[in-house]
Amino acid sequence: MAEMTPSPVLDAADQTLIMNMGPQHPSTHGVLRLLLEIDGETIVRIMPDIGYLHTGIEKTCEAKFYQQVVPMTDRIDYLCPMTNNLTYCLAVEKLLGLEIPPRAQWLRVMMNELTRINSHLVWLGTHALDIGAMTVFLYCFREREQVLRLFEAVSGQRMMTSYFRIGGVSIEPPLDFFGRVKTFIDAFPEHIDEYENLLTQNPIFVMRTKGVAFLSKQDALALAATGPTLRASGVDVDLRRDGPYSGYENFKFNVPIASEGDVYARYLVRVAELRESQKIVKQALEGIPEGPVKADAPKVVLPDREKMKTQMEALIYHFKIVTEGFTVPEGEVYQAVESPRGEMGYYVVSDGGAKPYRVHMRSPSFANIQTLQKMCEGRLIADVVAAIGSIDIVLGDCDR
Amino acid sequence: MALEPAVTDLEQLKSHPEVACLVALNAAAVESAKFDRNELTVYVERTALRGACAALKNDASLQYDFLSDVTCVDWFPREPRFKVVYHLFSTVTKKRVRLKVRLTGDDAAVDSLTPLWPGANFFEREVFDLFGVRFNEHPNLKRILMPDNWEGHPLRKDYPVEGYR
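About the thresholds
Residues numbered from 1 in each chain as written. Chains lettered and ligands numbered in written order. Predicted model: local features only at pLDDT ≥ 70, side-chain atom pairs only at ≥ 80, totals over all residues. Buried ≥ 20, exposed ≤ 12 C-beta atoms within 10 Å, placed from the backbone. Helix = DSSP H or I, 4+ residues; strand = E, 2+ residues; numbered from the N terminus. Core = buried A, V, L, I, M, F, W, Y, C linked by C-beta atoms within 7 Å. Domains from an automatic or database assignment. Contact = placed C-beta atoms within 7 Å. Axes fitted to C-alpha atoms, helices over the stretch in contact; angles between N-to-C directions. Parallel < 35°, antiparallel > 145°, perpendicular 65-115°, else oblique. Left-handed = near helix turned anticlockwise from the far one by under 90°. Nonpolar A, V, L, I, M, F, W, Y, C, P; charged D, E, K, R; others polar. Pairing = 2+ DSSP bridges.

Focus: helix α17 (residues 381-391) of chain A
All names here are of chain A.
And then number 1: Burial of α17 is extensive: 9 of the 11 residues sit out of reach of the surface.
And then number 2: Listing the buried residues of α17 in full gives Asp383, Val384, Val385, Ala386, Ala387, Ile388, Gly389, Ser390 and Ile391.
And then number 3: Note on α17: the residue one or two positions beyond its end, Asp392, has a positive phi of about 55°.

This is the structure:
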């Protein structure tokens, strides 16, 4: 979070003006502050100023037991809590060498893709709103509400779900849950058609987005952009396919890419991803195996309430996990997953104790925000709004 | 899936093309290597870091063209206390490798990777902000998450979790 001291900029060019945008600007999706150096209406330089939402989560994690970190991870990116849960749990499971039962893996994939749908819907609605198409917002939030109700059904929470646990998921979903997911997912392709009818051929939307905020393939790679931002610039990387985790290798899906590298291409890639996510959830529903939803590891996974009341060992393990946590063998892992925004990576270091020695989150928004300079230089101020929307930043994710 | 013991023998690890490439480049600069939980870690001498990254990036068969992440771990009170961690990814072969550099507390500085990957800019600023590790030749080494007038580096282990009050 820099102070308002852009002195080198002022010295460099006397014809330009420094303008402040944010942190309360409605199109900055949170508390992003941008310092714009402008020449008339044209952007010369753009300096993102982040840190307004920095809460020191990485430091807090070091003072908590491994299982207590799970709810912290929700709060990083409030649009894809499950993805963050998943990444952290996978990292710790890798440290422990813990095998997850297939049913839990499939549930995780299903919830993860619903999260992606949720996140992309919020993105689509707000992005269109920024550009001036208000109707889409209302349509998107109608469907998003249904996804949130599904989250509420499995975890009791709409946003900060904390549904995943180290060793599986917290609880078997309620009886009618899969039926409700099926109803939603069967109707969803028609809804995507509705959004596309409103935007894809809409001349105003196309003029505001086509050719705007161009990012070349080389720049996208050099600036560590990931996710749809990278794929819309023609780089074919999707971690779900390239480094499968949590059983993604069992699912068939396409990885949409585009080569234009503009806002419109990023829009097309994300809408295509909505369709792919719908397919994955459908496959997960059809093929979900029976079995337990937690790993058989009494020292790590909390026992069932029933066992706790009848078996002495279960009660002892429960007491020990809650009061002193569980130890994790010494080591370090980096687990990356494909979040709706890009590569979400958790680097977890263990010193052999019950608290993580270090948890680092590589968040996609933090890296993607660097691309704004390349996207916006030489373009108009109005295009900055389209560019910010197109990289889909979440400031909680960015500042941690 | 039981944990397999980590492989730390450099000779044995030369079967990994990444290790072979770095040893061929400058055998003295490769301090040690480890293969643990399916992840390869190479400790590099700090002056050789940029050369090592350039070699991995430009090697025709490895093509580590993407810098995923830069972070740091503080092992205070042990010396050398800082380990700066680089995660490289290849968008061609889809493989990952981790490079680490050891830095002492009184001289915590390493070459910046911004000449190779401009995207290292924010990552290195974050490490500077939260750990106080300096990056030589960085174009804009300022605090990024904490306020400019903040005292101390919060992710250091000698910084209390509740902060100074």
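Having seen it, we continue.
A few points about the nonpolar core
And then number 1: Counting 161 residues, the largest nonpolar core has A:Val92, A:Val348, A:Ala387, B:Val84, B:Leu99, B:Val127 and B:Val133 as the members making the most contacts within it.
And then number 2: With 14 residues, the single largest contributor to this core is helix α5 (residues 102-131) of chain A.
And then number 3: Counting the residues that make up this core, at least three belong to each of domain 1 (7-49) and domain 2 (57-297 + 331-399) of chain A.
And then number 4: Leaving out residues up to four positions away in the same chain, A:Val348 has contacts with A:Ala91, A:Val92, A:Leu95, A:Val333, A:Pro356 and A:Val359.

Overview of the environment of B:Val70
All names here are of chain B.
And then number 1: In this structure, Val70 sits in strand β3 (residues 66-74).
And then number 2: With 27 C-beta atoms counted inside 10 Å, the residue Val70 sits in the buried group.
And then number 3: Distance from Val70 to Val127, taken between C-alpha atoms, is 7.6 Å for residues 57 residues apart in sequence.
And then number 4: Once residues lying within four places of it in the same chain are set aside, the contact partners of Val70 are Tyr86, Ala120, Phe123, Glu124 and Val127.

A few points about the packing of helix α7 (residues 177-199) of chain A against helix α12 (residues 263-287) of chain A
Residue and element names in this part refer to chain A.
And then number 1: With their axes 10 Å apart at the nearest point, α7 and α12 run at an angle of 160° to one another. One way to sum up the angle between α7 and α12 is to call them roughly antiparallel. Our pair here, α7 against α12, has a crossing hand that is left-handed. Across from Phe178, Val181, Lys182, Ile185, Phe188, Pro189, Ile192, Tyr195 and Glu196 in α7, the residues of α12 making contact are Val271, Leu274, Arg275, Gln278, Val281, Lys282 and Leu285.

Observations regarding the interface of chain B and chain A
And then number 1: At the junction of the two partners, chain B supplies 32 residues and chain A supplies 38 residues.
And then number 2: The element contributing the most residues to the side of chain B that touches chain A is β3(B), with 6 residues.
And then number 3: For the side of chain B that touches chain A, the residue count by class is 17 nonpolar, 6 polar and 9 charged.

Points about the sheet that holds strand β8 (residues 358-362) of chain A
Residue and element names in this part refer to chain A.
And then number 1: Reading across the sheet, the 3 strands line up as β6-β7-β8 and stay open at both edges, with antiparallel pairing between neighbours. In this open sheet, the two edge strands, each paired with only one partner strand, are β6 (331-339) and β8. With strand direction ignored, the average angle separating the axes of adjacent strands in the sheet is 15°.
And then number 2: As judged from the 9 bridges shared by β6 and strand β7 (residues 342-350), these two strands associate in the antiparallel manner. When the sheet's bridge partners are listed, Val333 is paired in β7 with Val348.
And then number 3: On top of the sheet, helix α4 (residues 81-96) reaches β6 and β7; it is set at about 150° to β6, its chief contact.

Examining unusual backbone geometry
And then number 1: Cis rather than trans, the peptide bond between B:Phe76 and B:Pro77 has omega equal to 0°.
And then number 2: Of note, B:Pro77 is situated in the loop between β3 and β4 (82-89).
And then number 3: Look at the link from B:Glu79 to B:Pro80: it is a cis peptide, with omega at -5°.
And then number 4: Tracing the sequence through the fold places B:Pro80 in the loop between β3 and β4.
And then number 5: Even without a glycine there, the phi angle at A:Ala213 is positive, about 55°.
And then number 6: Relative to the elements of secondary structure, A:Ala213 occurs in the loop between α8 (203-209) and α9 (217-222).
And then number 7: The backbone of B:Glu137 shows a phi angle near 65°, a positive value even though the residue is not glycine.
And then number 8: Structurally, B:Glu137 is set in the segment after β7 (134-136).

What about the sheet that holds strand β1 (residues 30-36) of chain B?
Residues and elements named next belong to chain B.
And then number 1: The 5 strands lie next to each other as β1-β2-β5-β4-β3, forming an open sheet whose pairing is mixed. Each having just a single partner strand, β1 and β3 make up the two edges of the open sheet. Ignoring which end each strand starts from, the neighbouring axes of this sheet average 20° apart.
And then number 2: Both β1 and strand β2 (residues 39-44) contribute to a ladder of 6 bridges, which runs antiparallel. Residue pairing in the sheet places Val30 in a bridge with Val44 of β2.
And then number 3: Helix α2 (residues 17-25) rests against β1, β2 and β5 (96-103) of the sheet, and its axis sits at about 15° to β2.
And then number 4: Along the sheet face, helix α4 (residues 120-131) touches β3 and β4 and points at about 5° away from the line of β3.

Here we look at the pairing of β3(B)
Residues and elements named next belong to chain B.
And then number 1: The buried fraction of β3 amounts to 9 of the 9 residues, a majority that puts the element mostly inside the structure.
And then number 2: As paired elements, β3 and β4 share 8 bridges and run antiparallel to each other. From the neighbouring strand, Val70 faces β4, where its bridge partner is Tyr86.

Let's talk about the packing of α5(A) against α12(A)
Residues and elements named next belong to chain A.
And then number 1: Put simply, α5 and α12 touch, their axes get as near as 9 Å, and they point 155° apart. Judged by the inter-axis angle, α5 sits roughly antiparallel to α12. The element α5 and its partner α12 pack so that their crossing is left-handed. Here Trp106, Val109, Met110, Glu113, Leu114, Arg116, Ile117, His120, Trp123 and Leu124 of α5 come into contact with α12, specifically with Arg270, Glu273, Leu274, Ser277, Ile280, Val281 and Ala284.
And then number 2: Looking at the contact of α5 with α12 residue by residue, the class counts come to 11 nonpolar, 2 polar and 4 charged.

The values reported here are purely geometric and, on their own, carry no functional implication.
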